[in-house]
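# Summary of structural features
Chain by chain, the residues run as shown.
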Amino acid sequence: MKVQKRTVLVTGSSSGIGKATCMRLLEGGYSVVGLARDHSKFVPDHPEYVPIVLDLSKTDTLVPGLRKILKERPEIDGVVSNAGHGLFGSIESFSAQDIRAYFDLALLSHVLLSHVDVPHLKAKRRGDLI
């Protein structure tokens, strides 16, 4: 039985858990599409890694951006929804704009990612969303 090569989309691929996930997937023989707003911290010299600039905190452009990626990369059959950042301090020290930006990235972007990626994975009749 032939094993089909997997292609995994990883958000927040430029650092932290996202970077480590990309490295582990590449070491395991996967193809990886890495999404980050800035790839200057991490772009592995690997033929199976494709860096794509997409700022998940910009929720107004996120859905069309994700749809474009899936159209250009229909082989994607796995998604690791990882992007995020920390917001540290006392609640009263943050502006309403700070809190909104935090929730846009930490929650809304992941919901929108699922909104776009789940139908794609269902149509393939195969896939994982982590």
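In case you missed it, the structure is sitting above this.
To keep things clear, this report deals only with the structure shown in the data block. (Residues numbered from 1 in each chain as written. Predicted model: local features only at pLDDT ≥ 70, side-chain atom pairs only at ≥ 80, totals over all residues. Heavy atoms only, no water.)

### Some words on the sheet that holds strand β3 (residues 49–53)
- Reading across from one edge, β3-β2-β1-β4-β5 is the order of the five strands in this open sheet, with parallel pairing throughout. Strand pairing shows two members of the sheet lacking a second neighbour, β3 and β5 (128–129), which therefore form its edges.
- Bridge analysis of strand β4 (residues 78–80) against β5 gives two bridges, and the strand direction is parallel. The partner of V79 across the bridge, within β5, is L129. (Pairing = 2+ DSSP bridges. Helix = DSSP H or I, 4+ residues; strand = E, 2+ residues; numbered from the N terminus.)

### Focus on helix α1 (residues 16–27)
- With 12 residues, α1 extends 17 Å from end C-alpha to end C-alpha; this agrees with the ideal 16 Å at 1.5 Å per step.
- Taken residue by residue, α1 has G18, C22, L25 and L26 as its buried positions. One side of α1 holds all its buried residues, which, seen down the axis, span an arc of 100 degrees. Away from the buried face of α1 by more than 90 degrees, exposed residues G16, I17, R24 and E27 are located.
- Looking at the packing, one finds that the buried side of α1 touches β1 (7–11), β2 (31–36) and β3.
- Immediately beyond the C-terminal end of α1, within one or two residues, lies G29, with a positive phi of roughly 90 degrees. (Expected span 1.5 Å × (residues − 1). Buried < 20%, exposed > 50% of the residue type's maximum accessible area, 1.4 Å probe, protein only. Arc of directions from axis to C-beta. Contact = heavy atoms within 4.5 Å.)

### Concerning the packing of aromatic side chains
- For the structure on display, the rule yields two aromatic pairs.
- Measuring from centroid to centroid gives 5.8 Å for F42 and Y49, while their planes differ by 65 degrees, and the two rings are edge-to-face.
- Residue Y49 is classed as buried on the basis of its relative accessible area of 6%. (Phe/Tyr/Trp six-rings, centres within 6.5 Å; stacked < 30°, edge-to-face > 60°.)

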